[in-house]
Protein chains: 2
Amino acid sequence: MSIKTIQGGITSPKGFQAAGVEAGVKYENRKDMAIIYSEQPCVVAGTFTSNVVKAAPVKWDMRVVNESPFAQAVIVNTGIANAGTGKTGMEYCEKTAEKAAELLKLEKENVLIGSTGVIGAHLPMDRILAGVEKLVAAKSDSTDAGTDASKAIMTTDTVNKELAVTVDIAGVTVTLGAMSKGSGMIHPNMCTMLGYVTTDAVIAKDTLQKMLSEDVVDTYNMISVDGDTSTNDTLLVLANGMAKNPEIKEGTPEYDAFKEALHYINETQAKRLAGDGEGAKALVECEVINAVSKADARTLAKSVITSSLTKAAIFGHDANWGRILCALGYSGAKFDPEDMELYYEANGKKILIYKNGLDAGYSEEEATEILSQPEVRIIADMHMGNASATAWGCDLTYDYVKINADYRS
Amino acid sequence: MSIKTIQGGITSPKGFQAAGVEAGVKYENRKDMAIIYSEQPCVVAGTFTSNVVKAAPVKWDMRVVNESPFAQAVIVNTGIANAGTGKTGMEYCEKTAEKAAELLKLEKENVLIGSTGVIGAHLPMDRILAGVEKLVAAKSDSTDAGTDASKAIMTTDTVNKELAVTVDIAGVTVTLGAMSKGSGMIHPNMCTMLGYVTTDAVIAKDTLQKMLSEDVVDTYNMISVDGDTSTNDTLLVLANGMAKNPEIKEGTPEYDAFKEALHYINETQAKRLAGDGEGAKALVECEVINAVSKADARTLAKSVITSSLTKAAIFGHDANWGRILCALGYSGAKFDPEDMELYYEANGKKILIYKNGLDAGYSEEEATEILSQPEVRIIADMHMGNASATAWGCDLTYDYVKINADYRS
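Chemist: Talk me through the overall build of chain A; I want residue IDs and the actual numbers.
Modeler: Looking only at helices and strands, one finds eleven helices and 15 strands in chain A. Here the C-alpha atoms of chain A give a radius of gyration of 22 Å, agreeing with the 22 Å that 2.2 N^0.38 yields for 409 residues. If you line up chain A on its principal axes, its C-alpha atoms span 70 × 55 × 35 Å. Counting across all 409 residues of chain A, residues that qualify as buried make up 63%. Within chain A, contacts between residues at least 6 apart in sequence are counted, and of these 80% link residues at least 24 apart. Accessible area of chain A: about 13,800 Å², with a carbon and sulfur share of 48%.

And the structure:
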């Protein structure tokens, strides 16, 4: 394939700058505000939480994506989600966008806003506005600046998550960069907590939106940490066209190549979110193969990685396949439990654990060894059709409970 | 109301006997098999798991309930679920039923079977059959015998759950008794793990089935410990007619009175299961009021008590109402988050925590005190219609993870 991973992140595509600064939104001594800025106007595509309760920045961004012809900056804060803040929450977004627009010589309708953190708390606007000033002063197109931004948007994430790839579009090298965050409250129904993709590709807004909407179904929408769909889920793609490639149009090989690059970015970032789920010790992947339909395959795979009992068993390195079978069974998809197979796989080692309605007579030792790896794969062969899907989650640990029992303190 | 709670359980209604014995199915030195026996044939109503993967005893009981005109005995074991055991699993049920039928001078089609425990393991049939002999020899109509049976069906339950009530039916005292178990893998979609109700009422089978099917929707189907719907969920009601009341018919005050008694039994037992959820320190009740429809009210209430983040916050006595709002928001039901209210309540003390899209300015100390009680109530007033529903769950604790990380060891 023509995709090449490169060192970098959101500042890798031409014309993108970023910064991450300490603004003291909720905690001192940590970077907690980030900016993404493009030298040229960008077309923007976005997907947002399906939660009826939408945070103010989600409503703000939906408006920008739907009504503004372009955007040129994103301001993100962590610590406070600006959700459950009523009409005041929208005023916070507006003031933040106005401040950034004034400093960057834009209109407020060209500024996107992102927030993550505690629901119900109010933003300290003096600190937010001072933070915007710092961000604008600090922004740079260096790789380090992108890394700073990716660190500034973390909440309970243990590592920052950034990525960059290049892809050849009709002889022109186009670059995509990304940063994402999210660890708890992750069960995206449109996309993840916060994900940003920058690219210098030339592509029309509606083409980009269609591509993104199609892709999240098999990437961000297939991960779960705890089954709770956040009020703030936002995934944005900003394309500033500075690579000067021939415009990417649907139905061309260039479209397919760019989509493959976007898919690689989204899948990689989504898996990183799942693997870095709150308290997680392992990334759990469930691949359902030979299902009747793609929809069934997705439903089955997602049911397994969402099951608390399956997740706790993997934390215990316990080859309790009954829980996987049980989770497939209550997913809502029909199948014959007497005619299907289950496998565990890790590090290239794969064992059959369930077949013909019975334990397949595997070695518990081997299974425990596989389940002790940091990336564990469950394969369910449904023996029914030829549709497949993969979902990603993590194990359920003491630390998940600890983190969430006193998140606000 | 005409319902009176009395000391007792499944042996309280006329003509019912029970026993609980040590059979060594999986563990030594604990009661692990139980019998319910009626001196007279019983009509039986039942509801069962909606999981595609159904344990052998569930399939066996469905056949008895659907095809046999009556039943007269129930044999239950704990330790091994007899699920994921293929065709052999049905042979285990058949042999167990045959043995009981032979000793009790019945047909095997009149014997119901229940199993709970690990999925995938096979029943040690020599011990099971020896256990059936012990049960038949030990059975008695004493209150203690009912208690023994209710203890013998426990798995990770910390307390046994039995109950008995009387109700006046046209001047005749009719008695209902019950025992239930279930702690993990509780998210019944038809009914709970294992629940048994005995009664000496005269009632036709189809009347009893209709009443039961209607009632589980608002009782057992409204509880969740961990969102995992078991392969073994079974709720059976056995009515032997020995109270000699005029037959209970639909559309009469007697029907309503008996239904109220059954509802009381089911709701009480369901709440006990939720409050004794694996590792639970608190029973969490969510009452949704003024919703558009009953279906919406149920969906909203169940979403709250199923949310891992809400459950962890309650374990931490953290008044993090944002998680409740979030869980209502992703439930699938529509509402206006700017026009609704949230309350916490415990021990008769009730505080408003969220109103008009904002924190209601409650005292964190007061909220923490309420959330530290063993029974915590969340009330969501949707301001939309006049439908209401209640769901029951529990907090998410370290012990839940511990119990399920090494359940099989």
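Chemist: An account of the sheet that holds strand E10 (residues 283–291) of chain A is needed here, citing residue identities and associated values.
Modeler: The pairing of strands in a sheet happens through backbone hydrogen bonds and is either parallel or antiparallel. Residue and element names in this part refer to chain A. Pairing within the open sheet is mixed, and its six strands lie in the order E13-E12-E11-E14-E10-E15. Because the sheet does not close on itself, it has two edges, and the strands there are strand E13 (358–359) and strand E15 (387–394). Here five bridges tie strand E11 (residues 341–346) to strand E14 (residues 375–381), and the two strands are oriented antiparallel to one another. Pairing of Glu345 across the sheet is with Arg377, part of E14.

Chemist: Give a description of the interface of chain A and chain B that names residues and reports values.
Modeler: One frequent convention defines the size of an interface as the accessible area lost when the parts assemble. At the junction of the two partners, chain A supplies 56 residues and chain B supplies 56 residues. There are two salt bridges connecting chain A and chain B. Where chain A packs against chain B, one counts nine residue pairs in polar contact (both at pLDDT 80 or more). Of all elements in the fold, only helix H2 (86–104), helix H8 (308–315), helix H9 (321–329), E13 and helix H11 (398–405) of chain A reach the threshold of two or more residues within the side of chain A that touches chain B.

Chemist: With reference to specific residues and values, describe the nonpolar core.
Modeler: The biggest cluster of nonpolar side chains holds 130 residues, and the ones touching the most others in it are Phe258(A) and Tyr344(A). Here this core gets nine residues from one element, more than from any other, and that element is helix H6 (residues 253–275) of chain A. Excluding its chain neighbours within four sequence positions, the residues that come into contact with Phe258(A) are Val167(A), Ile169(A), Val174(A), Leu176(A), Thr199(A), Ala201(A), Ile203(A), Leu208(A), Met211(A) and Ile248(A). In terms of nonpolar packing, the next biggest core, distinct from the first, is built from 129 residues, Trp60(A), Ile75(A), Ala81(A) and Phe335(B) among them.

Chemist: Hey, could you go over the relation of the copies chain A and chain B for me, with residue numbers and the actual values?
Modeler: By a simple turn and slide, chain A fits onto chain B: the slide is 0.0 Å along the axis, the RMSD is 0.0 Å, and the turn is 180°. The relationship between the two copies is best expressed as a two-fold rotation axis. Closest to the rotation axis within chain A is the C-alpha of Tyr398(A), separated from it by 2.7 Å. When the interface residues of chain A are mapped onto chain B, 100% of them are again interface residues, pointing to one common binding face.

Chemist: Quick one: what's the story with the pattern of salt bridges, residue by residue and with numbers?
Modeler: Under the counting rule described, the total for this entry stands at 40 salt bridges over all chains. We note a salt bridge from Glu285(A) to Lys271(A), for which the minimum N-O separation is 3.9 Å. On the criterion of sequence distance, the pair formed by Glu285(A) in strand E10 and Lys271(A) in helix H6 is long-range, its members being 14 residues apart. For Glu285(A), a relative accessible area of 11% gives the class buried. You can call Lys271(A) partly exposed: its relative accessible area is 25%. Salt-bridge contacts for Glu366(B) lead to Lys349(B); the nearest nitrogen and oxygen are separated by 3.8 Å. Of this pair, Glu366(B) sits in helix H10 (residues 364–371) while Lys349(B) sits in strand E12 (residues 349–355); the two residues are 17 residues apart in sequence, bridging distant segments of the chain. We classify Lys349(B) as partly exposed; its relative accessible area is 34%.

Chemist: Before we move on, can you summarise the pairing of strand E15 (residues 387–394) of chain B with the specific residues and values?
Modeler: Taken residue by residue, a regular strand's side chains alternate between the two faces of the sheet. Residues and elements named next belong to chain B. In terms of burial, E15 is a largely internal element, seven of the eight residues being buried. Here strand E10 (residues 283–291) runs beside E15; their pairing, made up of seven bridges, is antiparallel. Bridge pairing in E15 places Cys286 opposite Ala391.

Chemist: Can you tell me about H11(A), naming the residues and giving the values?
Modeler: All names here are of chain A. Tyr400, Val401, Asn404 and Ala405 are the residues of H11 that are buried. The buried side chains of H11 occupy one side of the element, clustering within an arc of 120° when seen end-on. Backbone nitrogen of Asp399 and a side-chain oxygen of the N-cap are separated by 3.2 Å at the start of H11; the cap is Thr397.

Chemist: Tell me about the packing of helix H2 (residues 86–104) of chain B against helix H3 (residues 125–138) of chain B, residues and numbers included.
Modeler: Residues and elements named next belong to chain B. Running from N to C, H2 and H3 point in directions that differ by 25°, and their axes come no closer than 10 Å. In terms of their interaxial angle, H2 and H3 are classed as roughly parallel. In the packing of H2 onto H3, the handedness of the crossing is right-handed. Counted together, Tyr92, Lys95, Thr96, Lys99, Ala100, Leu103 and Leu104 of H2 and Met125, Ile128, Leu129, Val132, Glu133 and Val136 of H3 form the full contact between these two elements. Classifying every residue of the contact of H2 with H3 by side-chain character gives nine nonpolar, one polar and three charged.

Chemist: Break down the packing of aromatic side chains for me, citing the residues and quoting the values.
Modeler: In this description, a pair of aromatic rings is defined by centroid distance and the angle of the planes. In the structure shown here, the tally under the stated rule is four aromatic pairs over all chains. Measuring from centroid to centroid gives 5.4 Å for Phe315(B) and Tyr398(B), while their planes differ by 90°, and the two rings are edge-to-face. Of this pair, Phe315(B) sits in helix H8 (residues 308–315) while Tyr398(B) is found in helix H11 (residues 398–405), placing the two residues 83 residues apart along the sequence. Here the guanidinium or amino end of Lys139(A) rests over the ring plane of Tyr37(A), the centre of that ring lying 4.6 Å away. The ring of Tyr343(A) has Lys350(A) sitting right over it, with the charged end atom 4.7 Å from the ring centre.

Parameters at a glance
- Residues numbered from 1 in each chain as written.
- Chains lettered and ligands numbered in written order.
- Predicted model: local features only at pLDDT ≥ 70, side-chain atom pairs only at ≥ 80, totals over all residues.
- Heavy atoms only, no water.
- Helix = DSSP H or I, 4+ residues; strand = E, 2+ residues; numbered from the N terminus.
- Rg over C-alpha atoms; globule rule 2.2 N^0.38 Å.
- Buried < 20%, exposed > 50% of the residue type's maximum accessible area, 1.4 Å probe, protein only.
- Contact = heavy atoms within 4.5 Å.
- Areas by Shrake-Rupley, 256 points an atom, 1.4 Å probe, with all protein chains shown as cover.
- Pairing = 2+ DSSP bridges.
- Salt bridge = Lys/Arg side-chain N within 4 Å of Asp/Glu carboxyl O.
- Polar contact = N/O pair within 3.5 Å; in protein donor to acceptor, adjacent residues only side chain to side chain.
- Core = buried A, V, L, I, M, F, W, Y, C linked by side-chain atoms within 4.5 Å.
- Least-squares fit on C-alpha atoms with pLDDT ≥ 70 in both.
- Arc of directions from axis to C-beta.
- Axes fitted to C-alpha atoms, helices over the stretch in contact; angles between N-to-C directions.
- Parallel < 35°, antiparallel > 145°, perpendicular 65-115°, else oblique.
- Left-handed = near helix turned anticlockwise from the far one by under 90°.
- Nonpolar A, V, L, I, M, F, W, Y, C, P; charged D, E, K, R; others polar.
- Phe/Tyr/Trp six-rings, centres within 6.5 Å; stacked < 30°, edge-to-face > 60°.
- Lys NZ or Arg CZ within 6 Å of the ring centre and 35° of its normal.

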